[in-house]
Amino acid sequence: MTGNYLIFNILKRTFIAIPFKPHNEWFQIVKDMQTLDWGAAMKWVEPEQWHITLAFIGNTSTVQEIEIKQLLTKLISGFEVIDVSLSGFGTFPDEGMAKVLWIGVESSLQLEALHVKLADELARLGLAFDAKSFVPHVTLARVRNIIYPKLFKAAFNQIGFSNEVNCSLTKVVYYESVLSRDGAIYKALWSGSLSSAQ
């Protein structure tokens, strides 16, 4: 009994997100950003880990993981592929104290509806999650230390893109976030395609 109890109470750090895979021109924009002198120690996120977080759940038991997978399977059947465009760069919390450099995603009615429905279903199951305001974005880099604030501000003011960058959001993924010395590693626990993205 004790062994089975322990198995079902192993906690994973989990979140639900949409993988972000923009068109090819976007990759060159990010490469150009990485060549700038930011005056800071930064860890750039690998493109295969780019995503838009829908809900950060945190510590999750095995039973809760099963419930979330079942919830998602039912949930995504009512949603189609979502087309979005990028809306500019930003930092959390601000340039002077930045910890995260991100690109904003222009929200759409479909994306908002998906987020609201997911939040409602998680609450219905009594699952705790980070319920702060939904600001769709993709984390590009984590800022470990700003050594020269003026350089950081100057680099931030240089970044941008002249042409509209669009992206189709085609699936929802339930991730485990595994912390390591080199940063978080994301492991897919479940994924499902939105309609017409089969």
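Peer 1: Mind showing me how you'd approach the overall build of the chain here?
Peer 2: Assigned secondary structure in the chain consists of 5 helices and 9 strands. Overall, the chain shows an N-to-C arrangement of helices and strands of α-β-α-β-β-α-β-β-α-β-α-β-β-β. Relative to the 2.2 N^0.38 estimate, which gives 16 Å for 198 residues, the radius of gyration of the chain is 18 Å and therefore close to what a compact globule would have. Dimensions of the chain, computed from the C-alpha atoms along their principal axes, are close to 60 × 40 × 25 Å. In the chain, which comprises 198 residues, the share counted as buried stands at 42%. Of the contacts made within the chain by residues no fewer than 6 positions apart, 80% connect residues no fewer than 24 positions apart. About 11300 Å² of surface is accessible on the chain, with carbon and sulfur atoms providing 53% of the total. Taking the 18 positively charged and 19 negatively charged side chains of the chain as two groups, their mean positions are separated by 8 Å.

Peer 1: What exactly am I supposed to notice about helix 2 (residues 25–34) here?
Peer 2: At 3.6 residues per turn, the α-helix brings residues three or four places apart onto the same side. If you check which residues of helix 2 are buried, you get Trp 26, Ile 29, Val 30 and Met 33. In an axial view of helix 2, the angular spread of the buried residues amounts to 95°, which keeps them on one side of the axis. Next to the buried residues of helix 2 lie strand 2 (40–44), strand 4 (82–92), strand 5 (100–105) and strand 6 (137–146).

Peer 1: Could you clarify how one ought to interpret the side chain of His 51 in this entry?
Peer 2: Examined against the element boundaries, His 51 turns out to sit in strand 3 (residues 51–60). At 3.3 Å, the side chain of His 51 and the side chain of Thr 53 are in polar contact. In this structure His 51 touches Phe 15, Ala 17, Ile 18, Pro 19, Phe 20, His 137, Val 138, Thr 139 and Tyr 186, once residues within four positions along its chain are discounted.

Peer 1: Looking at this structure, how should I read a nonpolar patch on the surface?
Peer 2: Taken together, the side chains of Ile 147, Tyr 148 and Leu 151 define a hydrophobic patch exposed on the protein surface, amounting to about 300 Å² of accessible area. Note that Leu 151 resides in helix 5 (residues 149–158).

Peer 1: Is there a simple way to think about the layout of surface pockets in this case?
Peer 2: Empty space left among the atoms is revealed by rolling a probe the size of a water molecule over them. The volume enclosed by the largest pocket comes to roughly 950 Å³. Residue lining of the largest pocket: 32 residues in total, with His 51, Thr 53, Thr 139, Arg 142 and Tyr 186 positioned closest to the centre. The set of elements that each furnish at least two residues to the lining of the largest pocket consists of strand 1 (12–19), strand 2, strand 3, strand 6, strand 8 (171–180) and strand 9 (183–193). Among the elements that line the lining of the largest pocket, the one with the most residues is strand 3, at 5 residues. Per-class residue counts for the lining of the largest pocket are 14 nonpolar, 10 polar and 8 charged.

Reading the values: rules and limits
- Residues numbered from 1 in each chain as written.
- Predicted model: local features only at pLDDT ≥ 70, side-chain atom pairs only at ≥ 80, totals over all residues.
- Heavy atoms only, no water.
- Helix = DSSP H or I, 4+ residues; strand = E, 2+ residues; numbered from the N terminus.
- Rg over C-alpha atoms; globule rule 2.2 N^0.38 Å.
- Buried < 20%, exposed > 50% of the residue type's maximum accessible area, 1.4 Å probe, protein only.
- Contact = heavy atoms within 4.5 Å.
- Areas by Shrake-Rupley, 256 points an atom, 1.4 Å probe, with all protein chains shown as cover.
- Lys, Arg positive; Asp, Glu negative; His and termini not counted.
- Charge placed at Lys NZ, Arg CZ, Asp CG, Glu CD.
- Arc of directions from axis to C-beta.
- Polar contact = N/O pair within 3.5 Å; in protein donor to acceptor, adjacent residues only side chain to side chain.
- Patch = residues over 30% accessible without salt bridge, like charges linked within 9 Å, V, L, I, M, F, W, Y side chains within 5 Å.
- Salt bridge = Lys/Arg side-chain N within 4 Å of Asp/Glu carboxyl O.
- 1 Å grid on protein atoms, 1.4 Å probe; cavity = no way out; pocket = protein on both sides within 12 Å on 5 of 7 lines; lining within 4 Å.
- Points joined across faces, edges and corners; volume = space filled by probe spheres on them.
- Nonpolar A, V, L, I, M, F, W, Y, C, P; charged D, E, K, R; others polar.

Shape is all these values report; function is a separate question.
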